[in-house]
Structure formats: structure tokens, C-alpha cells
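Chain residues, written in single-letter form:
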Amino acid sequence: MVLETKQTTLAYRCPHCGGGVMSAVNPFVLKGSMLRLKCDCGKSFLEIQPTSDRKLRLSVPCMVCPTPHYFTVTESLFYGQELFVLPCPYTDLNICVIGEVNHVKAELSRTELELMDLMEKNGIQSFEALHREAEETVSDPQVLEIVLFVIRDLDEEGKIFCRCAPDEAHEYDAEILPEGVRVRCKKCGASHVVPTASMTEAHEFLHCDALYLK
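Note that the structure is predicted; figures quoted are calculated from it, not measured. (Residues numbered from 1 in each chain as written. Predicted model: local features only at pLDDT ≥ 70, side-chain atom pairs only at ≥ 80, totals over all residues. Heavy atoms only, no water.)

> Please set out the overall build of the protein chain residue by residue, giving values where relevant.
Each helix and strand counted, the protein chain has six helices and 13 strands in total. Residues classed as buried in the protein chain amount to 41% of the 214 residues present. The long-range fraction of contacts in the protein chain, counting pairs at least 24 apart against all pairs at least 6 apart in sequence, stands at 45%. Total accessible area computed for the protein chain in this model is approximately 12000 Å², and 51% of it derives from carbon and sulfur atoms. (Helix = DSSP H or I, 4+ residues; strand = E, 2+ residues; numbered from the N terminus. Buried < 20%, exposed > 50% of the residue type's maximum accessible area, 1.4 Å probe, protein only. Contact = heavy atoms within 4.5 Å. Areas by Shrake-Rupley, 256 points an atom, 1.4 Å probe, with all protein chains shown as cover.)

The structure is reproduced here in C-alpha cells:
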């Protein structure tokens, strides 16, 4: 008897060379370890990390934003859709495509046309120039918005830790200061300031999997 194995196709577009990067993925490939899908140009990669509660956390390069975006999806959603897309939260451009291989190829082609139209309207000559221009024009308010988005994402996933016992109900607040965003536990008072003066200062935080308050 042959058992049918769950499998899906995963793809993203490299923000540097513009190439579509695609691979088949199944639970055996991901079991207990991280998967890295890397572009042939060597300048970008997508990472998938299984979690203990049968979810998948994805780090996806963005064609427009200077840093990757993070998403968490259930295994049933990841493997069970003919076509499922993950958009950039700031531009709504689809940056990750999951599903049946022919549907994924069609969506990659559609998003390529969408990007080329965007570039033509803005006088941008290449995919790397589009990404580089975005890196150079990110303003302080945009950095603040991105940091707040990551903080909300970590809070929703239970990835903010303080001095309170793990089984206690937690309540955190975020206060905007001149130097950054202070995340504080209302119960134990533990806090941490995430710098937002520039994308360079905030870069390390944007790639973290958890936030620890002291």
C-alpha cells in the first residue's frame, strides 16, 4: 500500500535579482528542523521554522521593504490550500506563494507583471534598484510602525517574556519614547526599549524570535 504524503509548493521572488525561487515542501523535510530556501544569486533566502504547537513560522524577503516579514501559519493551512498567499503588510504585494505547483507558477507570473508595472510607473530600472531605493527611503515613522507591528506579532504568539510566572496572565503595554518603544509588563514592571531612531538600530530586533523584558 502506498501512503499519500502531504506536499505543497512554496515560492518567493528574490528582491535582488528578481528571480522566482520555488521548492516542493513536505512534513518530512521540515520535521524538527529549519528549512532555508535560497535564491541562486545568493543574496536572499526564505526560512521556515516548525513550532512545538504544529505551526510554521516563515521569514520571507520582501521586494519593497528593507527587512523580511514574519508570518505564522498552521500546518493544515500550509498543506491544505490550492493557492495561499502572504502579502507584505505595508504594500499588499504578495511576497510568498503556497499551494499546488501550477497555481503557484501562475501567481508568480502575475506578481511579476504587477511589480514591473510598479517599477515602470516610478522610473525604476531593476528589481535590486527597487529594493535598494526602499532601504534608502525608509523614514523614522516607518521604522516605528514596523517595530510596533513586530511587537504585536510577538505578543499574539506569546513570545514576550518577563519576570512573571509562565502560567500567569500577562498584560504588556508599549510606550513610544524619543529613543524607541518601551515594552513593559504591567504586573512585574519588567521592560525593554526597542530603538527606532533608524532601520540600522532596529535591525536586530526585527529578526528576533522572542522579546525578553528585564
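Moving on, there is more to tell.
> So what's going on with the sheet that holds strand 10 (residues 172-177)? Which residues, and what values?
The antiparallel open sheet is built from three strands, whose spatial order is 10-11-12. Here the strands that pair on one side only, and so sit at the sheet edges, are strand 10 and strand 12 (191-195). For this sheet, the mean inter-axis angle between neighbouring strands, taken without regard to orientation, is 20 degrees. (Pairing = 2+ DSSP bridges. Axes fitted to C-alpha atoms, helices over the stretch in contact; angles between N-to-C directions.)

> Can you break down the sheet that holds strand 6 (residues 69-74) residue by residue, with the values?
Hydrogen bonds between backbone atoms are what pair the strands of a sheet, whose relative direction is either parallel or antiparallel. Overall, antiparallel pairing links the four strands, which are arranged 3-4-5-6 in an open sheet. Each having just a single partner strand, strand 3 (35-38) and strand 6 make up the two edges of the open sheet. Between one strand axis and the next, the sheet turns through 20 degrees on average, direction left out of account. Of the pairings in the sheet, the one linking strand 5 (residues 55-60) to strand 6 comprises six bridges and is antiparallel in character. Paired with L58 across the two strands is F71, which belongs to strand 6.

> Provide a residue-level description of the pairing of strand 1 (residues 8-13), including the pertinent values.
In terms of burial, strand 1 is a largely internal element, six of the six residues being buried. Burial along strand 1 is two-sided: T8, L10 and Y12 and T9, A11 and R13, pointing in opposite directions, are all buried. In terms of strand pairing, strand 1 meets strand 2 (residues 20-25) through six bridges, oriented antiparallel. Its bridge partner lying in strand 2, Y12 is registered against V21. Linking strand 1 to strand 2, which pair antiparallel, is a turn of six residues; within it G18 sits at a positive phi near 85 degrees. Strand direction decides the pairing type here: strand 1 and strand 8 (residues 94-99), joined by four bridges, are antiparallel. When the sheet's bridge partners are listed, T9 is paired in strand 8 with G99.

Shape is all these values report; function is a separate question.
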